[in-house]
Amino acid sequence: MNFFRYKILLQLTLISLSIGGTAYADSPDSVSQVELPAQTIIGAKEKKDNAAYHDGNDYKEPAYSRLSIPESSKASTEMITHKQIERMHPHSVLEILQRAMGINYTYQGVKVRETLQDRGGDNLGLIIDGSYIVYSQQARGMLSNLPVSMIDSITIVRDSTILTLGPIEAFKSPTGAPNQGFVVIKTLQSAQKTRQLSLSTGNFSTNGQSIHIGDKTDNGLSYDFAFAHKNFGGKSNWNNGYDYNAVLAKIGKTTKTTSNELSLYYNDGSSESQMGFVRSSTSIIADPNYVAEYDPVKAAILGYNFYKHWSNGSTTGFSLNYNKLDGRFTAKHNGIMNNTTGKIFADEYNQEDESVYEGSLWHTWQTKNSVTKIGMQALKWKSPKGAIYFYGYGPFDEQIYSAYASYQQKAGRKLTWDSAVRIDRHHVTDSTEKYSGAGDNPKRIHDEWLGSAKSIALGAAYQADNTYKLFARTSYTETPPNSYIVGDKVVGGKHKPDFSAEFDDDKRLKYEIGVTANYTLAFNTSLTGFYYDIQNDKSAVKQGIDVNGNSAASAVDSYTTYTQSNVTRKGLELSFHGMLNQYLSYNTAYTYFTAGSDASSALVPHSQYTMSLMYDKDTYSGALSVLHVGTFKNALTDTTNVGNFTTVNASISKRINSNLTVSIFGDNITNQHYATNHRDVDRPDFTGAVKGYWYDVGALYGVQLDYSF
């Protein structure tokens, strides 16, 4: 995108903000503290509790919240409600997200456990109860053991153009690729008196217990307390068991002029690292002597949110959040010989701790037809010794300082448009060249500004008639790469690290258009198409080579080399949904993606679809879902594909009386041992442990009792 086009976008945003800034002083007494109509309208066609489909219209976040989304984003936003989660009986949050439209989920095995990507391979930011979680081992640890019984809703905001949610730039991203979007998770919050006890048991020695007690009184006081325990023994010889004890506590007070909420989440558990298997086998382990686990792994989130409602539609918001993950990684080598040195590997005992401090301050002006918001956010990430492959090269201490502004205007009865701008400054207090290859004495980085990430976005929603609604969004984003990633050069036909290579900012121009059509109660549809023009996209060329381009003798001598190129990504997201009658609802979703001839296109499944049914009549309820994921690769050097699988989940519940419900459920009931991760290449010093397939465990089934008291 040239400078002129960027300047036009910036001028439009500044003009819109200036319009918003003058709209409130004229008649301050005429505007009450109300939601912008476009922010709160919920389609009457599918708002029943047993609906199988929920989009951004059901995401009931107040317009004055920094987590609210504009009208133009609602068609491409997907929401999973507490009722849906209860019907699905998923065994983890990651399973829920895997079945969301277009999400690419991979199970990685040993250290890098799971990844979640959307629309072509970039990571999704994670927000739990307003707290920003760094997408690293911290986010993976939080998601792996977060009890599904404690979740009120999960919202997938599919694009990164919603600039008030969190930073564009991601911590620990060597290439400068921005967050593709956000997963916003809200934990339980009672709207009335709640007393719920649940007991469950299943195959693979699975046992779970949870309790939730909460209430919201007439004087605005609310509280919630929840406890959950789960133990999964795992499949014999797979080393894939886990267990946890989790506690959630919330207390809040709401008056006509203020709102306060204090929340605490704590989880103490352990998690084994599943074995990798040789091709086409779920019994022959690639290296049975390498046994790893995280024990213990402790997660904590502490948050405080405050709102002050001034007169005439003006609200100030303030939040403080702290989250921390402490994990002790243990790897027993059991006599494995180092192929390079000829000595036996020493066992690993790594204390991988990460913490994030966050503060946000914002102000919102509302009229009956507009919302203007300005805000600031500060994030601090610390890790004393590092985590995953960077363990031992700490301390790490980095910060992102952000400022943003957004405006939304309802123009007449049919059109709502919005604009936003954000800038992030990334500062490193203390770090190391953690992406360029460690070496025996990696260079330390002190007090360095890594550049600014900038984004500007425009959007519009148009209600053509009672059936059709049109959406359009565009954005431009610049994010700087880390200055210490290493280039790639070819010398004598061999790839070698290029330490003098310079990389340009990642520049992304995004377009998104969509339409929703509400034909009848039984048949509705939505279609979204996206096109991303990416300049200077960074991708890895070689991994695990030394300064001479040979296979590195050990991890400390290993380099990953990068190159940059221009890439075009495009795709579509299509869904059909409705309520066939008052008891039965359905949703089908199809996603297509391609990056054209670019090599990275092979790293993402080109097609993916989900289908789901929800049923609720009298004393019976149930759910059925199908997921199909196409073929893809984990790395360009892989010679074998993964993916290409179809799984089926099902559950049925019987309400015995007004207090007791019994459920039977099964995940992957056709017992598919599919793989989403594979490694073809051995480390030179370590045969087998990072090679093989990480298969799904297969069918999971169980029984659950829910008792209200």
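Each value, and the rule that gives it
Residues numbered from 1 in each chain as written. Predicted model: local features only at pLDDT ≥ 70, side-chain atom pairs only at ≥ 80, totals over all residues. Heavy atoms only, no water. Helix = DSSP H or I, 4+ residues; strand = E, 2+ residues; numbered from the N terminus. Buried < 20%, exposed > 50% of the residue type's maximum accessible area, 1.4 Å probe, protein only. Contact = heavy atoms within 4.5 Å. Areas by Shrake-Rupley, 256 points an atom, 1.4 Å probe, with all protein chains shown as cover. 1 Å grid on protein atoms, 1.4 Å probe; cavity = no way out; pocket = protein on both sides within 12 Å on 5 of 7 lines; lining within 4 Å. Points joined across faces, edges and corners; volume = space filled by probe spheres on them. Nonpolar A, V, L, I, M, F, W, Y, C, P; charged D, E, K, R; others polar. Phe/Tyr/Trp six-rings, centres within 6.5 Å; stacked < 30°, edge-to-face > 60°. Lys NZ or Arg CZ within 6 Å of the ring centre and 35° of its normal. Pairing = 2+ DSSP bridges. Core = buried A, V, L, I, M, F, W, Y, C linked by side-chain atoms within 4.5 Å. pLDDT = per-residue confidence, 0-100. Patch = residues over 30% accessible without salt bridge, like charges linked within 9 Å, V, L, I, M, F, W, Y side chains within 5 Å. Salt bridge = Lys/Arg side-chain N within 4 Å of Asp/Glu carboxyl O.

Trainee: I tried to follow the overall build of the protein chain on my own but got confused; where do I start?
Mentor: Across its full length, the protein chain holds five helices and 33 strands. Looking at the protein chain residue by residue over its 709 residues, the buried ones come to 56%. Within the protein chain, residue pairs in contact and separated by at least 24 positions form 67% of the contacts whose partners lie at least 6 positions apart. Carbon and sulfur atoms make up 56% of the accessible area of the protein chain, which amounts to about 28400 Å² in all.

Trainee: Could you clarify how one ought to interpret empty space enclosed by the protein in this entry?
Mentor: Empty space left among the atoms is revealed by rolling a probe the size of a water molecule over them. This model, assessed by the stated rule, comprises 12 cavities of 30 Å³ or more. Empty space within the largest cavity amounts to approximately 370 Å³. Residue lining of the largest cavity: 29 residues in total, with Gln84, Met88, Arg99, Ser612 and Ser625 positioned closest to the centre. Of all elements in the fold, only strand E1 (77-81), helix H3 (82-88), helix H4 (93-98), strand E26 (584-594), strand E27 (607-617), strand E28 (620-632) and strand E29 (642-655) reach the threshold of two or more residues within the lining of the largest cavity. Among the elements that make up the lining of the largest cavity, the one with the highest residue count is E27 (five residues). Residues that form the lining of the largest cavity fall into these classes: 16 nonpolar, eight polar and five charged.

Trainee: In this structure, what is going on with unusual backbone geometry? I would like to understand it.
Mentor: Excluding glycine, most residues fall at negative phi; most peptide bonds, likewise, are trans. For the bond from Asp295 to Pro296, the omega torsion is 0°, close enough to zero to count as cis. With respect to the secondary-structure elements, Pro296 resides in strand E13 (residues 291-309). One non-glycine residue, Ser205, adopts positive backbone phi at about 55°. Note on placement: Ser205 falls in the loop between strand E8 (194-202) and strand E9 (206-216). Phi at Asn644 is positive, roughly 55°, even though this residue is not glycine. Position of Asn644 among the secondary structure elements: in strand E29.

Trainee: Please clarify how the packing of aromatic side chains should be interpreted in this entry.
Mentor: The geometry of an aromatic ring pair is captured by two quantities: the separation of the ring centres and the angle between the planes. Tallied over the full model, the rule gives 20 aromatic pairs. Relative to Phe576, the ring of Phe523 lies with its centre 5.7 Å away and its plane at 20°, an arrangement referred to as stacked. Remark: Phe576 occurs in strand E25 (residues 559-579) and Phe523 occurs in the loop between strand E23 (506-518) and strand E24 (524-545); sequence separation between them is 53 residues. An aromatic cluster of at least three residues, connected via ring pairs, comprises Phe204, Phe232, Tyr242 and Tyr244. Seen from the ring of Trp362, Arg66 lies directly overhead, with NZ or CZ sitting 6.0 Å from the centre. Its guanidinium or amino end placed over the ring of Tyr583, Lys617 lies 4.8 Å from that ring's centre, counting from NZ or CZ.

Trainee: Help me out: how do you make sense of the environment of Asn668 in this one?
Mentor: Here Asn668 shows up in the loop between strand E30 (660-667) and strand E31 (675-679). A relative accessible area of 5% means that Asn668 is categorised as buried. C-alpha of Asn668 to C-alpha of Thr646: the two residues are 22 residues apart in sequence and 8.7 Å apart in space. Leave out the neighbours within four places in its chain, and Asn668 touches Thr647, Val648, Asn649, Tyr674, Asp696, Gly698 and Ala699.

Trainee: What is the right way to look at the environment of Ser419 in this model?
Mentor: Looking at the element boundaries, Ser419 is found in strand E18 (residues 415-432). Residue classification places Ser419 among the buried residues on the basis of a relative accessible area of 2%.

Trainee: Even after reading the chapter, I still don't get the pairing of E24, so can you show me in this structure?
Mentor: Where a strand is regular, its side chains alternate between the two sheet faces. Bridge count between E23 and E24: 12 bridges; the pairing is antiparallel. Looking across to E24, one finds that Arg508 is bridged to Ile534. Taken together, E23 and the strand that follows it, E24, pair antiparallel across an intervening segment of five residues.

Trainee: I tried to follow the nonpolar core on my own but got confused; where do I start?
Mentor: Note on soluble globular proteins: their nonpolar side chains tend to be buried together. Ranked by internal contacts, the top residues of the largest apolar core, which has 63 residues, are Val93, Leu116, Leu126, Ile128, Ile154 and Ile185. The biggest single contributor to this core is E13, with five residues. Ignoring any residue separated from it by four or fewer positions in sequence, one finds Leu126 in contact with Ser131, Tyr132, Ile133, Ala139, Leu143, Phe182, Val183 and Ile185. Tyr59, Ile69, Tyr132 and Phe396 belong to the second-largest nonpolar core, a separate cluster that totals 19 residues.

Trainee: Looking at this structure, I do not really get the confidence of the model for the protein chain. What am I missing?
Mentor: Do not read the fine detail of predicted coordinates wherever pLDDT is low. Per-residue pLDDT for the protein chain averages 85, and the proportion of residues at 70 or more is 85%. Considering only residues more than four positions removed or in separate chains, one finds that residues 1-47, a stretch of pLDDT under 50, has 96 contacts.

Trainee: What am I meant to see in the pairing of strand E21 (residues 486-491) here?
Mentor: Relative to E25, E21 runs parallel, the two sharing two bridges. Directly across from Gly487, in E25, lies its bridge partner Tyr562. Strand direction decides the pairing type here: E21 and strand E22 (residues 494-498), joined by five bridges, are antiparallel. Residue pairing across strands places Lys489 opposite Lys496, the latter belonging to E22.

Trainee: Please explain the side chain of Ser222 as it appears in this structure.
Mentor: Tracing the sequence through the fold places Ser222 in strand E10 (residues 221-232). Classification of Ser222 as buried rests on a relative accessible area of 10%. Among all residues touching Ser222, those that are not within four sequence positions of it are Asp215, Lys216, Lys250, Ile251 and Gly252.

Trainee: Would you take a moment to explain a nonpolar patch on the surface for this structure?
Mentor: There is a patch of nonpolar side chains on the surface, built from Leu197, Leu199, Tyr615, Tyr620, Ile652, Ile664, Val703, Leu705, Tyr707 and Phe709 and spanning about 900 Å² of accessible area. When residues of the nonpolar patch are traced back to their parent elements, those giving at least two are E8 and strand E33 (700-708). Element by element, the count of residues in the nonpolar patch is highest for E33, at three residues. With respect to the secondary-structure elements, Tyr620 resides in strand E28.

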